[in-house]
Amino acid sequence: MKIDLTDTTSSKINKALVQGRRAIGTPAVGMVLTLVIVTDEENAYDALKAANEASREHPSRTLVVIKRVSRSPRDRSKARLDAEVRVGADAGTGETVVLRLYGEVIDHAQSVVLPLLLPDAPVVVWWPVGAPTDPANDPLGSLGQRRVTDSYASEHPVRELAARAAAYTPGDTDLSWTRITPWRSMLAAALDQVTCEVTSAEVEGEEFNPSVELLAMWLADRLKIRVKRSASSGPGLTAVRMETTCGPIVLHRPDASLATLCIQGQPDRAVALKRRETSELIAEELRRLDPDDTYASVLRYGVDRLDQAARTEGSASADEPSESSESSEDAAGKPAAKKAAAKSPAKKAAAK
């Protein structure tokens, strides 16, 4: 069931929600949380589709906030709110309200959303694109216990991680971190099978994929080792190689679906490690509403330390050829000196 409201208010939207529930025969509210999606018109469909699929596991009231661009000064001075209320089969297992804001009300979106929040229920705010630099201090972000961003959708994904670290507040998380959950589980399980010490590691993946940096920082932070970041053609993460005192451990995924785990002294094993849809990522984030301390620790480690380790390794490798060339020059110089010493007596004899 869909109810369209033009130039409306929050109180009229609440009345429409009650009317819709009564019309489909479910007057009670059975939602467990409120999911606020802040997006633009271009990405609204995909975000709403993912939220509806995630609502099968987490029935929620979904509020989609779309800030429309006003093209003229007259339109920017006027405030208008249009809404589309969806209940029943059109909203998955929850309720959906699509809010389109025009004019001055764009700067006061929190005043529109606040009356529509479910009472005594947690609030999760999700920015599929265009997340603020400091989500916790954003007017809409301050309404939520959890704030979900996606640095992969930004223009400079790796640089975005540094901004997330500088503005981190307990309750922040990022879908780039959620994407590597299966990788972290698989690597932890692999290390549980051996009694060796990890000496170094290498993480390989797409060049501008922040999940690769996050996984490398997680390994460096947890194992206290040097981790190298390598670029590949993708898709996403492609391989993790760990050097241990008992031999290498390699987790390789060339086709984005099936990976191979190789442990020294054990047969190779095929493991399912497919790239997950956005709906699965959101459903995972909605399972826990407490702060993610591991994510905070990884952010504090910093991308700069990975770059510094790479530069240190690069300078060390650059020094090695110079040393070898010097040794080759010395080796070449010694025979030359011997030849010169052998020829000099002949010259002296000729002179005599």
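Scroll up to find the structure this text is about.
In this report, the structure presented in the accompanying data block is examined.

The rules behind these values
- Residues numbered from 1 in each chain as written.
- Predicted model: local features only at pLDDT ≥ 70, side-chain atom pairs only at ≥ 80, totals over all residues.
- Heavy atoms only, no water.
- Helix = DSSP H or I, 4+ residues; strand = E, 2+ residues; numbered from the N terminus.
- Buried < 20%, exposed > 50% of the residue type's maximum accessible area, 1.4 Å probe, protein only.
- Contact = heavy atoms within 4.5 Å.
- Areas by Shrake-Rupley, 256 points an atom, 1.4 Å probe, with all protein chains shown as cover.
- Axes fitted to C-alpha atoms, helices over the stretch in contact; angles between N-to-C directions.
- Parallel < 35°, antiparallel > 145°, perpendicular 65-115°, else oblique.
- Left-handed = near helix turned anticlockwise from the far one by under 90°.
- Nonpolar A, V, L, I, M, F, W, Y, C, P; charged D, E, K, R; others polar.
- Salt bridge = Lys/Arg side-chain N within 4 Å of Asp/Glu carboxyl O.
- Phe/Tyr/Trp six-rings, centres within 6.5 Å; stacked < 30°, edge-to-face > 60°.
- Lys NZ or Arg CZ within 6 Å of the ring centre and 35° of its normal.
- Pairing = 2+ DSSP bridges.

We now examine the overall build of the protein. Along its length, the protein carries 11 helices and 14 strands. Counting the 352 residues in the protein, one finds 45% classified as buried. Sequence-distant contacts, at least 24 apart, represent 70% of the contacts inside the protein between residues at least 6 apart. Summed over its atoms, the accessible surface of the protein is roughly 18100 Å², and 51% of this surface lies on carbon and sulfur atoms.

In the contact formed by helix α2 (residues 41-54) and helix α9 (residues 278-287), the axes pass within 8 Å of each other and the chain directions differ by 55 degrees. Judged by the angle between their axes, α2 and α9 are oblique. Note that α2 runs across α9; the crossing there is right-handed. Contact with α2, carried on its side by Ala-50, Glu-53 and Ala-54, involves Thr-278, Ser-279, Ile-282 and Ala-283 of α9 and no other residues of that element. Tallied by class, residues from the contact of α2 with α9 come to 4 nonpolar, 2 polar and 1 charged.

Moving on: unusual backbone geometry. Despite not being glycine, Asp-7 shows a phi value in the positive range, around 50 degrees. Within the secondary structure, Asp-7 is located in the loop between β1 (2-5) and α1 (10-24).

Across all of its chains, the model carries 18 salt bridges by this definition. With a closest N to O distance of 2.7 Å, Glu-57 and Arg-287 form a salt bridge. Here Glu-57, found in the loop between α2 and β3 (60-67), pairs with Arg-287, found in helix α9; they are 230 residues apart in sequence, far enough to count as distant. Each of the salt bridges in this network shares a partner with another, and the network as a whole consists of Arg-21, Arg-61 and Glu-95.

With the rule as written, the count across this model stands at 2 aromatic pairs. On the basis of an interplanar angle of 50 degrees and a centroid distance of 5.7 Å, the ring pair of Trp-177 and Tyr-295 is categorised as tilted. Residue Trp-177 is found in helix α6 (residues 175-178), and its partner Tyr-295 is found in helix α10 (residues 293-301); the two are separated by 118 residues along the sequence. An identical accessibility class is assigned to Trp-177 and Tyr-295; each is buried. Through pairs of rings, three or more aromatic residues link up here, namely Tyr-168, Trp-177 and Tyr-295. The side chain of Arg-80 reaches across the aromatic face of Tyr-102, ending 4.2 Å from its centre.

Looking now at the sheet that holds strand β9 (residues 198-205). Read from one edge of the open sheet, 6 strands run β10-β9-β11-β12-β13-β14, paired in mixed fashion. Two strands in the sheet have a free side with no partner beyond their single neighbour: β10 (226-231) and β14 (269-272). Going across the sheet, the axis of each strand differs from the next one's by a mean of 15 degrees, ignoring polarity. With 4 bridges connecting them, strand β13 (residues 258-263) and β14 associate as antiparallel partners. Bridged to Leu-258 within β14 is Ala-272. Together, β9, β11 (237-244), β12 (247-252), β13 and β14 form the strand contacts of helix α7 (residues 181-192), whose direction differs from that of β11 by roughly 25 degrees.

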